[in-house]
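Below are the chains, spelled out letter by letter.
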There are 2 protein chains.
Amino acid sequence: MEEQLSDRGKRILEAVIEDYIQTAEPVGSRTITRSHALALSPATVRNVMSDLEEMGLLTSPHTSAGRIPTDKAYRLYVNSILEARQNLTAGKRDEIRRRCRMAGKDPAEVLKEASRLLSSTSSYMGVVIAPRMAANVFHQMEFVKLSSHRILAILVSQNGTVQNRLLEIDEEIAQEDLVRMANYLNGMLQGLTIGQVRERLLAELQSEKVQYDSLMKKALALSEQTIRTDSAEIFLEGQANILEQPEFADAAKMREIFRAFEKKSTLLDLLDRSMLAEGVQIFIGAESPLLKMEGMSLVTSTYLTGKDTVGVLGVIGPTRMGYGRVIPIVDYTAKLISRMLEGE
Amino acid sequence: MEEQLSDRGKRILEAVIEDYIQTAEPVGSRTITRSHALALSPATVRNVMSDLEEMGLLTSPHTSAGRIPTDKAYRLYVNSILEARQNLTAGKRDEIRRRCRMAGKDPAEVLKEASRLLSSTSSYMGVVIAPRMAANVFHQMEFVKLSSHRILAILVSQNGTVQNRLLEIDEEIAQEDLVRMANYLNGMLQGLTIGQVRERLLAELQSEKVQYDSLMKKALALSEQTIRTDSAEIFLEGQANILEQPEFADAAKMREIFRAFEKKSTLLDLLDRSMLAEGVQIFIGAESPLLKMEGMSLVTSTYLTGKDTVGVLGVIGPTRMGYGRVIPIVDYTAKLISRMLEGE
DNA sequence: ATTAGCACTCAAAAACTCAGAGTGCTAACG
DNA sequence: CGTTAGCACTCTGAGTTTTTGAGTGCTAAT
């Protein structure tokens, strides 16, 4: 049905995309023959472009304007980039590395810095989601008595992530009982993932023998409360960057976008699904059906913080994004973060 | 030098301000006579307005437009509001209370929710800064061994705030030593504020007797590392709200504002100074010289989380802000938060 | 002291013009 | 037959002019 894309067609399409990425203006046949050294006349280019339009790769906003690549065209373009991946310049690489180092060792700090980094090196928005707590490996639990009715529960995972929660209790528990409870739990839960820990706790709560030991019952109940919420943290930086993009100069569009990002949950859903596949993934425009991200694209990569606990990070920008530049940045950052968090 | 403000002048000024707050358009003499039931003709009003302009309370953007209140006028207006403070409607109050409850007990959660709350009830931006850690009262310290070279230090304050830090160490320390170290420190630091703790630790590190006890020396060093960074947390919500304001429809202005808020440090400086005075404070336009907040105002109030550890919360919006509505919101929220955090 | 009346001002909106970039088609060319 | 020059046609955006209407300031009357 659809005509096959000729080699020349491909080159011209590429030229259109690259020009458009730079200027954000519809590009015409003339411009292309000038900037890209194709030994062709504008008229020929016009014919080809007309074909490309037929194939659904270009559109023109109106009869006498240049042409704009469609999502489909970007998809094609991105795929060809992904095959022939460029490397980062040594300079960029160093900068990224240096800034990551600066952040210290605390996982949360590293991830936040990564997000800033992605945003500033790409000049779009950087986003990082911390791995779900559930995938972390349990290390230790502590109960700290703050006052007669308030206990602070602290949950430490092997990778240094800490989750804490303030618990209100009805009847006072002695500090030494708290310590015993913690010991008991720590013994029982050693080496499980937090997800497994939760299951285990629930199972244990049901079991016969616990029913008669009120202290242990309390211990289980408390720790279950502590672990209950597993809200993935999300770091979104550089929102101001996208104000720079001419396609969002319109205030109404801006507003919509900002509103969309205010509820982080939608963003989370979107990123969650890229967790399934490994490596760099790209969502172009309407390909990500969740968010009606008109004119927005997303470049993500997974990263590892342990054996197989994964998070996702990436860059969000206009569909008209410098993919060639952004992809290596995301890729490299993901690998670097993996190394920083996982290693030692 | 300056003529005194007549009672009628005051009423008219108020009318201008209130109209302008609603419409964001320069208001003319005609409009005023219609909307506010003053038994005066436009011509009279014009005369009065002319006087007000003389006194520096109004300006007109150009000869044949209506008039706009100056910062000075807002100041006057706000002061009069502050004197005759209205109360919140019961409905609003309930809503605020309900949402605060929802947030649970964790201080960080409460503050974050408060910020959201301020933003959504005021329809401007909500901002809350958490009290400096330094002002909190020390409660307990723990060292958790993660691997041979990594220790997680956890610092708990009396109010349930937790600060943790990943430390890298050169030589392994046995878990039981860590416990002993913690016990020693907890004994020594009981009841001090975090600020005092820090001083004490530094002093102790210098002291003679410690030099010979390598374990204690290590303990002090580690805990000093833990406590070193005291970055006040800041919760800023509802940035999208201010996109709604017509005065920022212009993309360039928007950008500037967002950039300004991206560096939270300037905002922090600004809020820090309102920590000095108690209760509701208002900064109008250029009155806050730090940020060149053109056209922005800030309504803040201090809140307490303990005896005398204070934080600041407030609302940031356009100078043309519904002060009458916002002030009680900020006031009430601050009091409520105080009660929630301090009480128990 | 207030107000009606009136001439005057000015910005924003609407209407208009025009140049330029771009297209599509046709006919010529190698 | 693919490529290209030429040309008529289209449409936008920028710049100009016109129009409108809200608003002022002044003066004279009440």
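All values reported here derive from a predicted model rather than from experimental measurement.

Residues and elements named next belong to chain B. Counting 55 residues, the largest nonpolar core has I12, L52, V299, Y323 and I337 as the members making the most contacts within it. Lining this core are residues from two domains, each supplying at least three of them: domain 1 (7–69) and domain 2 (86–131 + 232–342). Leave out the neighbours within four places in its chain, and V299 touches V280, Q281, I282, L313, G314, V315, M321, Y323, V326, I327 and V330.

With that settled, consider the sheet that holds strand β6 (residues 162–168) of chain B. All names here are of chain B. Ordered by their spatial adjacency, three strands build an open sheet running β4-β5-β6, and the pairing between neighbours is antiparallel. Only two strands of the sheet have a single neighbouring strand rather than two, namely β4 (138–147) and β6. In this sheet, neighbouring strand axes are inclined to one another by 20° on average, regardless of whether the strands run parallel or antiparallel. In the packing of helix α7 (residues 175–189) onto the sheet, the strands contacted are β4 and β5 (150–157), and the crossing angle to β4 comes to about 165°.

In terms of domain boundaries, chain A breaks down into domain 1 (7–69), domain 2 (86–131 + 232–342) and domain 3 (134–227). For domain 2 of chain A versus domain 3 of chain A, the separation of C-alpha centres amounts to 35 Å.

We now examine the interface of chain B and chain A. Chain B puts 37 residues into the contact, and the matching count from chain A is 37 residues. Here chain B meets chain A over a buried area of about 3300 Å², counting both sides, of which 57% is carbon and sulfur. The tally of links from chain B across to chain A stands at four salt bridges. We note a salt bridge from R259 of chain A to E244 of chain B, for which the minimum N-O separation is 3.2 Å. Contributions of two or more residues to the side of chain B that touches chain A are made by β4, β5, β6, α11 (239–243) and α12 (251–262) of chain B. Element by element, the count of residues in the side of chain B that touches chain A is highest for β4 of chain B, at seven residues. Residue composition of the side of chain B that touches chain A, grouped by class: 14 nonpolar, twelve polar and eleven charged.

Under the fitted operation, chain B is carried onto chain A by 0.0 Å of movement along the axis and a turn of 179°, and the coordinates agree to an RMSD of 0.2 Å. What the superposition gives is, in effect, a two-fold axis relating one chain to the other. The position closest to the rotation axis in chain B is occupied by the C-alpha of A251 of chain B, lying 3.3 Å away.

To find leftover empty space, a probe the size of one water molecule is rolled over the atoms. Residues and elements named next belong to chain A. Taken as a whole and judged by the stated rule, the model has two cavities of 30 Å³ or more. Taken together, L5, K10, L13, E14, I17, L76, Y77 and S80 form the lining of the largest cavity. Taken together, the elements giving at least two residues each to the lining of the largest cavity come down to α1 (7–23) and α4 (71–83). Of all the elements, α1 adds the most residues to the lining of the largest cavity, at four residues. Size it by volume and the second largest cavity reaches roughly 50 Å³.

Neighbouring residues of DNA strand D: 19 residues in total, closest R8, T44, T63 and S64 of chain A together with S29 of chain B. Protein-proximal atoms of DNA strand D, defined as those within 4 Å of the protein, fall in sugar or phosphate at a share of 76%. Within the side chain of T44 of chain A, one N or O atom sits 2.3 Å away from a phosphate oxygen of DNA strand D. A distance of 3.0 Å is found between a base oxygen of DNA strand D and a side-chain nitrogen or oxygen belonging to S64 of chain A. Breaking the surface near DNA strand D down by element, the ones donating at least two residues are α3 (42–54) of chain A together with α2 (29–35) of chain B. Of all the elements, α3 of chain A adds the most residues to the surface near DNA strand D, at four residues. Classifying every residue of the surface near DNA strand D by side-chain character gives three nonpolar, twelve polar and four charged.

Any two packed helices are characterised by how steeply their axes cross, that is the angle between the axes, and by the distance between the axes. All names here are of chain B. Helix α4 (residues 71–83) packs onto helix α1 (residues 7–23) with a crossing angle of 100° between their chain directions and a minimal axis gap of 10 Å. Looking at the two axes, α1 sits roughly perpendicular to α4. Residue-level contacts link L13, E14, I17, E18, Y20 and I21 of α1 to A73, Y74, L76, Y77 and S80 of α4. When the residues that make up the contact of α1 with α4 are grouped by side-chain class, the tally is eight nonpolar, one polar and two charged.

We now examine the protein's contact with DNA strand C. Around DNA strand C sit 20 residues in total, of which S29 and R67 of chain A together with T44, T63 and S64 of chain B are the nearest. Near the protein, within 4 Å, the atoms of DNA strand C are sugar or phosphate in 78% of cases. The separation between a phosphate oxygen of DNA strand C and a polar side-chain atom of R8 of chain B is 3.0 Å. Here a phosphate oxygen of DNA strand C sits 2.5 Å away from a polar atom, N or O, in the side chain of T44 of chain B. Every element with two or more residues in the surface near DNA strand C is listed here: α2 (29–35) and α3 of chain A together with α3 (42–54) of chain B. The leading source of residues in the surface near DNA strand C is α3 of chain B, at four residues. Here the residues of the surface near DNA strand C sort into four nonpolar, twelve polar and four charged.

Calculation rules
- Residues numbered from 1 in each chain as written.
- Chains lettered and ligands numbered in written order.
- Predicted model: local features only at pLDDT ≥ 70, side-chain atom pairs only at ≥ 80, totals over all residues.
- Heavy atoms only, no water.
- Core = buried A, V, L, I, M, F, W, Y, C linked by side-chain atoms within 4.5 Å.
- Buried < 20%, exposed > 50% of the residue type's maximum accessible area, 1.4 Å probe, protein only.
- Domains from an automatic or database assignment.
- Contact = heavy atoms within 4.5 Å.
- Pairing = 2+ DSSP bridges.
- Helix = DSSP H or I, 4+ residues; strand = E, 2+ residues; numbered from the N terminus.
- Axes fitted to C-alpha atoms, helices over the stretch in contact; angles between N-to-C directions.
- Buried area = accessible area lost by both parts, 1.4 Å probe.
- Salt bridge = Lys/Arg side-chain N within 4 Å of Asp/Glu carboxyl O.
- Nonpolar A, V, L, I, M, F, W, Y, C, P; charged D, E, K, R; others polar.
- Least-squares fit on C-alpha atoms with pLDDT ≥ 70 in both.
- 1 Å grid on protein atoms, 1.4 Å probe; cavity = no way out; pocket = protein on both sides within 12 Å on 5 of 7 lines; lining within 4 Å.
- Points joined across faces, edges and corners; volume = space filled by probe spheres on them.
- Near = heavy atom within 4 Å.
- Polar contact = N/O pair within 3.5 Å; in protein donor to acceptor, adjacent residues only side chain to side chain.
- Parallel < 35°, antiparallel > 145°, perpendicular 65-115°, else oblique.

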